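# Survey of secondary and tertiary structure
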Amino acid sequence: MSTSTIDRLEGSRRAARTEASDRTISRAEGWRRRGPLLPALIFTIIVTQLPFVLTIWYSLHSRNLLRPESDLFVGFSNYLDIARDSTFRQTALNSVVITLGCVLVAMVLGIVLALLLDRPFFGRSVARTMLITPFLVMPVATSVLWSVALLNPTYGLFNWTLGLFGLEAVDWTSTYPVIAILMALVWQWTPFMMLLVLAGLQAQPKDVLEAASVDGAGTWLTFRLITLPHLRRYIELGVLLGIIYVVNTFDQIYLMTAGGPGTASANLPFYIYQRAFLGFDVGQAAAMGVVVVIATIIVASAALRLIFRSFEVKE
Amino acid sequence: MSVATPAVTPRATNRRFSSGFLTTVTWLLAIGFFFPVAWMAMTAFKQENQAASDPPTWFFAPTLDQFRAVLEGGSMVYVGNSVIATGVSTVLVLLLGVPAAYALSIRPVKKVSDVLFFFISTKMLPVVAVIVPIYVVAGQLKVLDNIWTLVVLYTAMNLPIAVWMMRSFFIEVPGEVLEAASIDGAGLMRTMRSVLLPMVAPGIAATALICVIFAWNEFFFALNLTASQAATVPVLIVSTMTSEGLFLARLCAAALLASLPVILAGWIAQKQLVRGLSMGAIK
């Protein structure tokens, strides 16, 4: 439905801009139009699709990264191994916990911050600039900052702060590894959500808000009945884009906990990396990659529908 | 009137009070969120014994020793690699992406939405699912630890975002302007150069900014596909961390220097940031 709307929009634009309608575009004209698109399209297909085809191929083989000649067709046995692999299940669960935990907490904080920023006050642009900074810090630097400077058990700032309140020092990254990673991730992603929601708030039609206030609707009522429904599209977009980005989290896990202790805080990208580059098991890693892609396609198709809908509203 | 006056005054006071309260809360949160970055910057100006002290050192005589140590330790090779990977991939993205966006908006091909769908779907493919074949193929082609491998991968990584974003800018160009140019006898190239490109120049700049941010910060490919020759800045920070884990101040100096280009770019281009992050869906 949404795609056909885009087609229709395109159609009307096309009709308005060129005399030839869709049906009468000549073959030569068709290629002239396709010309500028092809380099990008072919490049993307080669670089992103071919490796994935190879991933499927490898997933049906037993292959060691250090001994490429040991290649052996094994059918679906890599997939059967995954089904039996309890670590895979645990890291899959961690992926879900880390992704959803980060996205939802960051979204709630982002909404609060966006609402606070959407009022005139002294130094607003400075406050906004400060608030978006965590998102701009290189993720590798973020991981260093959190694991070493803030959460370090002996000289980290967090434990010092806890100490001020008379609380015991905590070795965050080994006692609560998932929470430690979530703290760093939420800190990084809250500004992203805030920016999207703030853009939504600022796109609110002012006359509707004025009408509500003239009709005597209080702040809370206006927020619940007008602002929140208006923000829905922005919140959905933020959550889904957030999921797409956060599910691939690797840097923080690699640097803050190395997936540990054991595999307590490993997510799927980290576990697959371990299997491929530390276990040298190409077939297993590839099969896991295929499983992750299938799971991603399910989530992503929802995301795509939403992004298309966003465009439709805009135009 | 006489009824309204007393009712208005307490409410106004109340509103002023709650507005002041909200402003205070906002500032506290802003400072709270910014604080880790400030702490990183502070630590970078400390001596090592001040950086890893318990209790933390709040007042100290700032020193540039750590920055000097970071810049002297052969880090320029890494910076050079990052600049090549980021700069060349961004230029390639624009060279490929701008014509593609044109073909998806102004003189559109058939099935525009299918093509857009394809581009964005590649962004959703988890990179970890393709790292194994990329590593194996790069090994066979003898391009492991080669900066041009990263250039190609970063181009592919950013191209879908750029196509979507540029298209959202092209769509906004009023059709009348292009028609007027063509009626005035301007050819396609001429129209492109003197009418279209100036109008979408801010969009191109915004797109480039987003590509630069993602390429500069990228770590996963850099970690797995480079060793000594082609390693980029994020890899440098990680190797600093593992080899000299106790040198906290130096680590913070390296992390700060590495983050600074993107932080500054993002501060300057806050508006474009939203649009880029939502792939053009939100202005």
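The structure presented is a predicted model; accordingly, all values stated were derived computationally and were not measured. (Residues numbered from 1 in each chain as written. Chains lettered and ligands numbered in written order. Predicted model: local features only at pLDDT ≥ 70, side-chain atom pairs only at ≥ 80, totals over all residues. Heavy atoms only, no water.)

Moving on to the overall build of chain A. Along chain A, the regular secondary structure elements total 15 helices and two strands. Taking the contacts inside chain A whose residues are at least 6 apart along the sequence as the reference set, 67% of them involve residues at least 24 apart. As displayed, chain A has an accessible area near 14200 Å², and 67% of this comes from carbon and sulfur atoms. (Helix = DSSP H or I, 4+ residues; strand = E, 2+ residues; numbered from the N terminus. Contact = heavy atoms within 4.5 Å. Areas by Shrake-Rupley, 256 points an atom, 1.4 Å probe, with all protein chains shown as cover.)

Once that is clear, we can look at the environment of L145 of chain A. Within the fold, L145 of chain A resides in helix 7 (residues 139–150). In the structure, L145 of chain A is positioned 119 residues away from S26 of chain A in sequence and 59 Å away in space, judged by C-alpha atoms. The contacts of L145 of chain A, once residues within four sequence positions are left out, are L150 and W187 of chain A together with P36, V37 and M40 of chain B.

This next bit is on a nonpolar patch on the surface. Together, I42, I46, L50 and V53 of chain A give the surface a local cluster of nonpolar side chains, amounting to about 370 Å² of exposed area. Along the chain, the position of V53 of chain A falls in helix 3 (residues 38–59). (Patch = residues over 30% accessible without salt bridge, like charges linked within 9 Å, V, L, I, M, F, W, Y side chains within 5 Å. Salt bridge = Lys/Arg side-chain N within 4 Å of Asp/Glu carboxyl O.)

With that settled, consider the environment of F45 of chain B. Along the chain, the position of F45 of chain B falls in the loop between helix 1 (4–44) and helix 2 (48–51). Placed 20 residues apart in sequence, F45 of chain B and D65 of chain B show a C-alpha to C-alpha distance of 7.7 Å.

So, about empty space enclosed by the protein. In this structure the tally under the stated criterion is two cavities of 30 Å³ or more. Size it by volume and the largest cavity reaches roughly 890 Å³. Surrounding the largest cavity, 38 residues form its lining, Y245 and N248 of chain A together with K123, M157 and F214 of chain B being those nearest its centre. Elements with a minimum of two residues in the lining of the largest cavity: helix 3, helix 10 (177–202), helix 12 (219–246) and helix 13 (251–256) of chain A together with helix 5 (112–124), helix 7 (147–170), helix 9 (188–217) and helix 10 (220–225) of chain B. The biggest single contributor to the lining of the largest cavity is helix 7 of chain B, with five residues. In terms of residue class, the lining of the largest cavity is built from 27 nonpolar, eight polar and three charged. (1 Å grid on protein atoms, 1.4 Å probe; cavity = no way out; pocket = protein on both sides within 12 Å on 5 of 7 lines; lining within 4 Å. Points joined across faces, edges and corners; volume = space filled by probe spheres on them. Nonpolar A, V, L, I, M, F, W, Y, C, P; charged D, E, K, R; others polar.)

Our next topic: helix 6 (residues 124–136) of chain A. Look at helix 6 of chain A: 19 Å from first C-alpha to last across 13 residues, which is about the 18 Å you get at 1.5 Å a residue. When we look at burial in helix 6 of chain A, the residues that qualify are A127, T129, M130, L131, I132, T133, P134, F135 and L136 of chain A. (Expected span 1.5 Å × (residues − 1). Buried < 20%, exposed > 50% of the residue type's maximum accessible area, 1.4 Å probe, protein only.)

Moving on to the confidence of the model for chain B. Residue and element names in this part refer to chain B. In this model, chain B carries a mean pLDDT of 85, and residues with pLDDT of at least 70 account for 94%. Averaged pLDDT values over the elements of chain B bottom out at 78 in helix 8 (residues 175–183) and peak at 94 in helix 4 (residues 76–103). Quick note on the complex model: pTM equals 0.86, ipTM equals 0.86. (pLDDT = per-residue confidence, 0-100.)

The next thing to look at is the interface of chain A and chain B. With 101 residues of chain A at the interface, the matching set in chain B holds 107 residues. Where chain A abuts chain B, roughly 9500 Å² becomes buried across the two surfaces, and 77% of that area is made up of carbon and sulfur atoms. Joining chain A to chain B, the criterion identifies zero salt bridges. Summed over the shared surface of chain A and chain B, the result is nine residue pairs in polar contact (both at pLDDT 80 or more). Its residues assigned to classes, the side of chain A that touches chain B shows 70 nonpolar, 16 polar and 15 charged. (Buried area = accessible area lost by both parts, 1.4 Å probe. Polar contact = N/O pair within 3.5 Å; in protein donor to acceptor, adjacent residues only side chain to side chain.)

What follows concerns unusual backbone geometry. Positive phi, normally seen in glycine, also occurs at A258 of chain A, with a value near 55 degrees. Relative to the elements of secondary structure, A258 of chain A occurs in the loop between helix 13 and helix 14 (268–278). Despite not being glycine, D145 of chain B has its phi angle at roughly 55 degrees, a positive value. Classification of D145 of chain B as buried rests on a relative accessible area of 17%.

A few words on the pattern of salt bridges. If the charged atoms of two oppositely charged side chains come close together, the side chains can form a pair. Residue and element names in this part refer to chain A. Per the stated rule, a full pass over the model turns up eight salt bridges over all chains. Between R32 and E29 there is a salt bridge, with the nearest N and O atoms lying 3.2 Å from each other. In this pair, R32 and E29 both sit in helix 2 (residues 27–34), three residues apart, roughly one turn of the helix. E29 sits in the buried class, given a relative accessible area of 12%. Here E29 ties to R33 by a salt bridge, and the two come within 2.8 Å at their closest N and O atoms. Residue E29 and its partner R33 are located together in helix 2, separated by four residues, close to a single helical turn. Each member of the pair E29 and R33 is classed as buried. In the salt-bridge network here, residues are joined through shared partners; they are E29, R32 and R33.

Residues and elements named next belong to chain A. If you trace the backbone, N152 turns up in the loop between helix 7 and helix 8 (157–164). N152 sits in the buried class, given a relative accessible area of 13%. At 3.2 Å, the side chain of N152 and the backbone nitrogen of Y155 are in polar contact.

Residues and elements named next belong to chain A. Averaged over chain A, the pLDDT score is 84; the fraction of residues at 70 or greater is 89%. In this model residues 1–12 is a low-confidence stretch, pLDDT under 50, and it forms 18 contacts with partners more than four residues away in sequence or in other chains. Across residues 14–21 the pLDDT falls below 50, and counting only partners more than four positions away or on other chains, this stretch makes 16 contacts in the model.

So, on to the packing of helix 7 of chain B against helix 13 (residues 270–277) of chain B. Residues and elements named next belong to chain B. Where helix 7 meets helix 13, the closest approach of the two axes is 9 Å, and the angle between their N-to-C directions is 115 degrees. One finds that helix 7 runs roughly perpendicular with respect to helix 13. Along the contact surface, helix 7 presents I161, M165, S168 and F169, while helix 13 presents Q272, R275 and G276. (Axes fitted to C-alpha atoms, helices over the stretch in contact; angles between N-to-C directions. Parallel < 35°, antiparallel > 145°, perpendicular 65-115°, else oblique.)

Attention shifts here to the layout of surface pockets. In this structure, the largest pocket encloses a volume near 1100 Å³. Forming the walls of the largest pocket are 25 residues, and the residues nearest its centre are D118, R119, G218, T219 and T222 of chain A. Of all the secondary-structure elements, those providing two or more residues to the lining of the largest pocket are helix 5 (86–117), helix 11 (206–214) and helix 12 of chain A together with helix 1 of chain B. Per-element accounting of the lining of the largest pocket gives the leading share, six residues, to helix 1 of chain B.

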